[in-house]
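Overview (structure and organization)
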Amino acid sequence: QVQLVESGGGLVQAGGSLRLSCAASLRTFSRYVMGWFRQAPGKEREFVAAITWSGGSTYNGDSVKGRFTISRDNAKNTVYLQMNSLKPEDTAIYYCAATYLLTTNSAAYDYWGQGTQVTVSS
């Protein structure tokens, strides 16, 4: 059974940082593109970042460019999201997801974690 388990969320003041982790039970982790998405109350799910199979390329959503960095450790089956200069509008549930495709479209992701809450206070 495939499991993606996020951790590292919490409450932080504006301007602060958090690092999210996502541990995956995928047997062939390195064959998956990994992504982070977020969803705020009353809003649609939003693409945050994605990283290619070997970690050679990364992609960020426009709202987080220059502030968030995605990375992965294939030896640990883990993907990370370093979030700096956090803003109140970054408040959301953050999900990691896995797909074979290189895409920012959430519908193409096959596996999802349960999410971790990030709250940024002003």
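Everything in this summary refers to the structure shown in the same document. Model, not experiment: these values are computed from the prediction.

This brings us to the sheet that holds strand E3 (residues 18-24). The four strands lie next to each other as E1-E3-E8-E7, forming an open sheet whose pairing is antiparallel. Since the sheet does not close on itself, it has two edges, and those belong to strand E1 (4-7) and strand E7 (68-73), each with one partner. The sheet shows a mean angle of 15 degrees between the axes of neighbouring strands, direction not considered. Strand direction decides the pairing type here: E7 and strand E8 (residues 78-83), joined by six bridges, are antiparallel. Paired with Asp73 across the bridge in E8 is Thr78.

This next bit is on the environment of Leu26. Residue position: Leu26 is located in the loop between E3 and strand E4 (33-39). For Leu26, a relative accessible area of 3% corresponds to the buried category. A sequence separation of 43 residues divides Leu26 from Thr69, and the C-alpha atoms of the two residues are 22 Å apart. With sequence-adjacent residues up to four places away left out, Leu26 is seen in contact with Val2, Leu4, Tyr32, Met34, Asn77, Ala98 and Tyr111.

Among the nonpolar cores identified, the biggest contains 28 residues, and Met34, Trp36, Leu81, Met83 and Tyr94 are the most heavily contacted of them. Broken down by secondary-structure element, the contributors of at least two residues to this core are E3, E4, strand E5 (46-51), E7, E8, strand E9 (92-99) and strand E11 (116-121). In this structure Met83 touches Gly16, Ser17, Leu18, Leu20, Arg67, Phe68, Tyr94 and Val118, once residues within four positions along its chain are discounted.

According to the stated counting rule, one finds four salt bridges in the structure shown. A salt bridge links Glu46 to Arg38; its shortest N-O distance comes to 2.8 Å. Residue Arg38 is classed as buried on the basis of its relative accessible area, which comes to 5%. Notably, a salt bridge pairs Arg67 with Asp90, separated by 2.7 Å at the nearest N-O pair.

Time to look at the side chain of Asn77. As for its placement among the helices and strands, Asn77 is situated in the loop between E7 and E8. Within the local environment of Asn77, its side chain forms a polar contact with the backbone oxygen of Leu26, the two atoms lying 2.9 Å apart. Aside from chain neighbours lying at most four places away, what touches Asn77 is Cys22, Ala23, Ala24, Leu26 and Phe29.

Rules used in this analysis
Residues numbered from 1 in each chain as written. Predicted model: local features only at pLDDT ≥ 70, side-chain atom pairs only at ≥ 80, totals over all residues. Heavy atoms only, no water. Pairing = 2+ DSSP bridges. Helix = DSSP H or I, 4+ residues; strand = E, 2+ residues; numbered from the N terminus. Axes fitted to C-alpha atoms, helices over the stretch in contact; angles between N-to-C directions. Buried < 20%, exposed > 50% of the residue type's maximum accessible area, 1.4 Å probe, protein only. Contact = heavy atoms within 4.5 Å. Core = buried A, V, L, I, M, F, W, Y, C linked by side-chain atoms within 4.5 Å. Salt bridge = Lys/Arg side-chain N within 4 Å of Asp/Glu carboxyl O. Polar contact = N/O pair within 3.5 Å; in protein donor to acceptor, adjacent residues only side chain to side chain.

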